[in-house]
Every structure is written in C-alpha cells, then in structure tokens.
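# Descriptive structure summary
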Amino acid sequence: MSQEKQEHGHGCDCGCHGEQPNPFVELNPVLDHYADIPGSLITVLQKAQELYGFLSIELMRYIAIETHNSIAKVYGVATFYTQFRFEPVGKYLIMLCQGTACHVNGSKMIEEAVMDFLEIKEGETTPDGLFTLNNVACLGCCSLSPVMMINDDTYGQLTKDKVTHILAELKEAVNNEATVSETVSQEVTA
Amino acid sequence: MKIVIGEGSCGIAAGAHKVQNAFEEIIAEKGLDLSVEKTGCIGTCYLEPIVDVVDDGGKKITFVNVTADDTRRIIEDYVLGENELKELQISESDITMIGKQKRIVLRNSGIIDPERIEDYLAVDGYLAAKKCLTELTPEEIIETIKIAGLKGRGGAGFPTWFKWDAAKKSPGKTKYMVCNADEGDPGAFMDRSVLESDPHALIEGMLIGAKAIGANEGVIYVRAEYPLAIVRLQNAIDQARKKGFLGHNLFETGFDFDLRIKAGAGAFVCGEETALIASLEGERGMPRLKPPFPAQKGYWNKPTNINNVETFANVPWIFRNGGDAYAALGTKESKGTKVFALTGKVKKGGLVEIPMGLTLHDVIFDIGGGIKQDKAFKAVQMGGPSGGCIPASLLDTQIDYAEITKTGAIMGSGGMVVMDETTCMVDMARFFLDFTCKESCGKCTYCRVGTTRMLEILNRITHGKGQDGDIELLEELCYKIKDGSMCGLGQTAPNPVLTTIKYFRNEYEDHIYHKKCTAKSCKPLLTYTIDVEKCVGCGACKKNCPVDAIAGEKKKVHDINQDTCIKCGKCFSVCKFDSVIID
C-alpha cells in the first residue's frame, strides 16, 4: 500500500488511534483524486453515496476529517441537496415524479396506489428492504406523465393498475431469485 | 438500408430498448445486412417509440408507437416485403405538426446519432466555431449575437450579448464560461433533450462564447436526475477533445478551451446564477446579493458568464446563417425561436420549437392538437413555479417576452402545462407553493416563512377549511414576499397564486364560502353518494370501504354514511356500474 493511503484515518473518534480497521477504505481513491481540486465536496459526497448507498453520520465525519472541513459544514452541504440520503434505501428505489405535468395527470393517485401496495409512506422503506418510495421533482419525461423511475429504469403513462403490476413483477422476480439461490445453496451443501 | 431508433429518455421509457433488441434479434435470425442505429428525440413524445427505416437513397419512412411485436412485421412485411404498413406509419397530421415548427435549437435532434461526432460534423458541425476562432474578433462575435437579438432562454430573458460583453470587459486573466443545465422547472425538458440528442451543439455554442469573453475553462452544471444526458455529454466532450475542438491551441489559433461536467445534487434554487456558483464551489447553493454580478465576480471570484443550454444551442446556427437571419424570425422585441415543452392535458405532447410571435392558441390547438378527450380548455401554465396560469380568454396572446409577462406569467424556460376543466386552479396554486416552499433555501425570511404561511392557507382552503379574508391575506403575503426576497425564486414564487386569484377568483370563493371544488379535484370538498337507479347491490364498495361507511344488503341499493365517509374515493374506483356519484 502506498504511503499516501496509509495516512487516511479510519473514520472514528473512539480513541483507538487507528487500530480498528477503516470501514470506508473504498473511498480513499476518491479522496485522493479530489484532494487538490477545490470545491469538490459535493462530488465527494456523491461518490460516497454511490459506494455506500447513503451517507451515515460516521461516513460524513470521515469525509469531514479527510477533506479538512468541519462536520457541520459537510452535514450542512449534504442536507441542502435532495439527492443525498441519510438512511439505507431498498433494493429498488422508486422515484415518483411530482412535477407539474405529472400532478395534472394524476401522480397523487399513483402515489396512493404505490403506498397501498407496498404499505409504506413517502420516504419509507418496506420491512423486507426491497422498496423505498421517494417523491422527486420533475424527471423531465413530462409528455409520458405520470412517470416514475425505479433505479435506472423509467416507466411512463402510469395508471393504478400498471404501477401495481410493475411492483408485483419486481417482487416476484426477487422471490424467484431467492428461491433459485436457496436451491443452489442447498445443492452445494448437499 | 438502416434502422434508426429514437433513444432519448422518453423513447427509452416508452420501450425503445426493447424495440432495438427485437430488431437485432430478427436481423441476426434472418442474417440481414441491416444496421440498427440510434438517434435522439424528435420531440413528438406521444409517438414514441419512433423507428425510421432509411433506404440507401436516403428515403425515410417513419413508424410510430412501435412495440417489440411490430418489429417482425416491419422487417418481414416492409423491409423484405411489399406491404407499406400504413397503419404503423406516422400520420399526415403529425407530419404537418412537425412541419409547422421552425427548428433551430432542435435542428439535429432526432436526426443525428448523438453519440457520434462524425454525424454532427456531417451537418456542418464545428464550422461556426472554426469561423469564430479563426476569422472573427471577440467584438465581432458579440456584435453578431447583438444583431441576432438572442435573449437568455433560461427564464429571465436577459440579452445574451450584454452578458458576454460585460464578462469580456471585466478585467482579469482567468475567466469562466458556465452552462446552466440544472433544468429544475417541473414541466420543462428541452435542455435534457438537447443534451441527449445534440450535445455537440452545446459544446460548440460554449466554445464560441468562451472565445468572445476570453475564457479558457468551462463547466456544465447538469442535474443529477438526467443520467443519460450526463453520459452522452461526457462522451461528446471526449470526442470533441480527440478531434481537437477542445483543449489546447484550437484550430491552431493559440486559443485554449476545455470543458468539464459538474453533476448537480438536486436544488431548484441552483438555477439562480449566484446559487449555482456557490454549488459549483462545493457549498450550499444559496444565492448572494448582486452586484457584484457574476460577470465581475463569479466562480472563484473570477469573471464568469452563465447561460443555459438552449441559449448556447442557438449560437452555432446564428454564426452559420447570420445574425440577421435569426433576427428575421419572431417579433420586434423577441427574436428567433423558442422551444416549448407542451404537456398536461394536451393531445400531442412533446417538444415544439416555434418562431416567437405565434399565439398560445397556435401552439396548443394547431400544433398540440387541442385538449385530450376534447374537454374544455381552462388554462395554460407557463414559466413553472415562477410563472402563472393564463386563462382561455387570453389564448390569443402572442408568444413574446413582454406579452407573456403582461398576463402575469413569464416565458420562463418554456414549460407549457395545459389544464382542462378537471384541473382545480386553487390546487394548482397549492402545488406550486408546496414546491417553492420546499425549495426555498431559507436565506430570506419572507421567502422562507412567507411561503410556508401561504402554503398553510392554501392547504386549509383546499381542505374545506378556508376562512373569510384568506384571499386578501394571500394577496398581502404575495406582495410582501416579492418585496422581501433577494433572488428570483422568492420574487416570483407568488406568481402562480397571484395569477390564479386574478383569473380564477371565483374558484377560490367557491372553495372558501361554498365549500365546493367545481373541478372535482379537491377530495375533502367532495361528497360521495350512490345512485339509487344504477346500484345493483354487488357489495364491492361496502367490502372495500376502509371505514365501514357503506351499508346495504346484498342485491339492494347501498348507502354511504356522510359522517363516517373519509372521501378516499375507493368506492368510486371499485364500482363497476358507475353508481357512485361525486359531487
């Protein structure tokens, strides 16, 4: 390991002086890359969220120490922007568009259908960790409204039935996967 | 012969990838010598997925609303057979609709492959940049833009030449050219379309602007919600660099210019110049007082010029065709064309680019095909959360910066959300206030607290708890917020409320005094009853009612207890006999 990487702290202030393993070691190349580029805090936070799914307090503290910012500054910037999340999200992140065109074409109804089907509210994650529902401002696919994105896929011209069908299919796909991997692991064990 | 598929975000959402896969499978299966290529968005989103079959002579036949199942027919019947498949082809009326437009910004969208610089070069790409760098002085570049009369297409409509001139004259060696691609207005997506369909037009426009002001570094601030746009733009930047259109000693003139992308993180206020600069610097995106303007002290306190995507996309065309040609289009005060995102309750939604000076009626009815299900037109919302609602009586208003402003709305970035009789105008105002209230950065008290108070009042009105005096209180708050806010967000946030009060005051009064929503949109103001003539007593409503408000024996007429009913609408949606009446 290079001398440079060893210089990174391990992200805690428990007083163990780096004896515990650094839980955020994957972020170090990003920190190194942006160390000399001023104004990169948002980019670093974005990369961190890509790696870990969300920004935990520990992660933000680590970023603060490594980028020579106060934790208040990092937290202040992160909470200003809607892209940043502070809790883990489900396997499928549903981004339900609440832009003007979607609103006019009944996005509230779609939201209700999602909430009914998954039994969660906006901002929550299903207990099985599969789905998180987030309302977002315009996704820019207004002529297909109402629209939602699930991870990187966009679904347009939604109706209550269509949205329930999409979610049911995703759920089933995961269940099938689970059964397959169970069978495989059983075979391996056998 | 080749097959070209429209793969902008809209096309992909409508299933373009599935169509592409289906074509590739069939072509492989039959061993045909047929290439499958992609292009961006032509703008007729309601026809997606769109597939062009281009023969070797360049003749193009367009198939619309293509499904994966249609692909086999297109190959077997059209490509290999004699059947023209008229039923899958684009209709005459849709061709006319596209023909009525004047496409400058969208000149290459849906025509070239956005991922191949060769395609852009084939349509004279980068020739304008070459001319500006090798033949024109910065003063001449600015003069041409002045003759063209190009105004900022992002919202404020400030003359572009003036900004460029100010940045050019500002002392300092280091200057920056910034593109605002943080298209935050809900209901506007022309910038996304340009980024996805013709990214080199933006790069070329920025390069020309950079030469004019003397900037060697450029940044494009793109919304994180546009992942495809970011990918295509990065690809275009890499290609331009390889071809020598970005980097050092461009066109051997000694002029250097390079570009990078900065992904935004989601904040509407970052559309404001100074907030965008703060965000570029890695800070909270909060605006600051002007002056100093970005042209004097912008990014890292250096002279900075910021324009939006559509503005830059106009620039190469102006230099290839002349400032006069651009100024010949449009009205006296508003030159050229403008792209509108036509959405909502309109039949043919999508992107339309028209010369300034047409009327709203032309756009919504002649190009947009009128209202879905032929319902009555009620209003068109222009300018997003900073704009306003223009009623039917003003449909003959010309599309011109000053004329639109007179109505109380603004041209804005070009969102046009059409509303019909089922849209409640009070709810629309509430919707926008909810948006601006969430997006207020919190710096100015009037904006932060004022929008919150306004939202509370609007929530109360749409929930049937409006009080006498609420309209007047709203108006008072509107004017105070306008006066007490530092940036454009707060200064324009009251516009949707002011225009709806101005043109639809009766709807506010119905909500407040008669507890009625004539558009039947505000649920708490509705009553659900059962039509005794139609009800067959199937029991579906009773079974689905979450609060047991419905009583009735099997095969006998049911009844809704109004005291228990929470107006959730479940009974209405489950009734197969249309016997639940909403009033």
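Remember, it's a predicted structure, so these values are computed and weren't measured experimentally. In this convention, every chain numbers its residues from 1, walking through the sequence in written order. As they are written, the chains are lettered A onward and the ligands numbered 1 onward, keeping that order. Totals for whole chains, interfaces and linings use every residue, but because this is a predicted model, local features are given only for residues with pLDDT of at least 70 and side-chain atom pairs only at 80 or more, for both listing and counting. The side-chain numbers reported here are obtained from all heavy atoms of the structure, hydrogens and water having been left aside.

### Structural notes on the pattern of salt bridges
Residues and elements named next belong to chain B. By definition, a salt bridge exists where a carboxyl oxygen of Asp or Glu is found within 4 Å of a side-chain nitrogen of Lys or Arg. Tallying each qualifying case throughout the model produces 39 salt bridges over all chains. The salt bridge involving lysine 332 is made with glutamate 333; its shortest N-O contact spans 3.8 Å. A salt bridge links glutamate 476 to lysine 480; its shortest N-O distance comes to 2.8 Å. Within this pair, glutamate 476 and its partner lysine 480 are both found in helix H19 (residues 470–484), separated by four residues, close to a single helical turn. Whether a residue is buried, partly exposed or exposed follows from its accessible area with a 1.4 Å probe, protein chains only, as a fraction of its type maximum: under 20%, in between, or over 50%, in that order. For glutamate 476, a relative accessible area of 43% translates into the label partly exposed. Residue lysine 480 is classed as partly exposed on the basis of its relative accessible area of 38%. By the criteria applied, helices consist of DSSP H or I runs no shorter than four residues and strands consist of E runs no shorter than two, each listed in order from the N terminus.

### Looking at the sheet that holds strand S7 (residues 247–250) of chain B
All names here are of chain B. The rule for pairing is simple: two strands pair if DSSP sees at least two bridges between them. Strand order in the open sheet formed by five strands is S7-S8-S6-S5-S9, with mixed pairing between adjacent strands. On the outer flanks of this sheet lie S7 and strand S9 (304–308), each paired with one strand and no other. Going across the sheet, the axis of each strand differs from the next one's by a mean of 25 degrees, ignoring polarity. Relative to S9, strand S5 (residues 176–181) runs parallel, the two being bridged by five bridges. Bridge pairing in S9 links cysteine 179 to asparagine 307. Note on definitions: a residue-residue contact is assigned when non-hydrogen atoms from the two residues lie within 4.5 Å. The angle between two axes is taken between their N-to-C directions and runs from 0 to 180 degrees, where each axis is a line fitted to C-alpha atoms and a helix contributes only its stretch in contact. On top of the sheet, helix H13 (residues 309–321) reaches S5 and S9; it is set at about 90 degrees to S9, its chief contact.

### Brief notes about the pairing of S9(B)
With five of its five residues buried, S9(B) lies for the most part within the structure. The side-chain alternation of S9(B) yields two buried faces, one formed by B:Thr304, B:Ile306 and B:Asn308 and the other by B:Asn305 and B:Asn307.

### Comments concerning the nonpolar core
When a protein is soluble and globular, its nonpolar side chains tend to lie buried together. Note on terminology: a nonpolar core comprises buried Ala, Val, Leu, Ile, Met, Phe, Trp, Tyr and Cys residues joined through side-chain atoms within 4.5 Å. Core analysis: the biggest nonpolar cluster contains 81 residues, and B:Trp164, B:Ile220 and B:Phe257 have the highest contact counts within it. The biggest single contributor to this core is helix H10 (residues 199–213) of chain B, with nine residues. Beyond its immediate stretch of four places on either side in the chain, B:Trp164 contacts B:Ile141, B:Ile142, B:Ile145, B:Met177, B:Gly209, B:Ala212, B:Ile213, B:Asn305, B:Asn307, B:Phe312 and B:Val315. Grouped together as the second largest cluster of nonpolar side chains are 43 residues, A:Ala48, A:Ile63, A:Val74 and B:Tyr299 included.

### What to know about the domain arrangement of chain B
Buried accessible area, meaning the area lost when the parts come together, often serves as the stated size of an interface. Residues and elements named next belong to chain B. By convention here, the domain bounds are inherited from an automatic or database domain assignment. Segmentation of chain B into domains returns domain 1 (2–90), domain 2 (117–327), domain 3 (337–420), domain 4 (425–514) and domain 5 (527–582). One C-alpha centre belongs to domain 2, the other to domain 4, and the line joining them spans 35 Å. Taken residue by residue, the interface counts eleven residues in domain 2 and eight residues in domain 4. Whenever two N or O atoms come within 3.5 Å, that pair is a polar contact, provided that in protein one can donate a hydrogen and the other can accept it, and provided that, for residues adjacent in sequence, both atoms are side-chain atoms. Here domain 2 and domain 4 share two residue pairs in polar contact (both at pLDDT 80 or more) between them.

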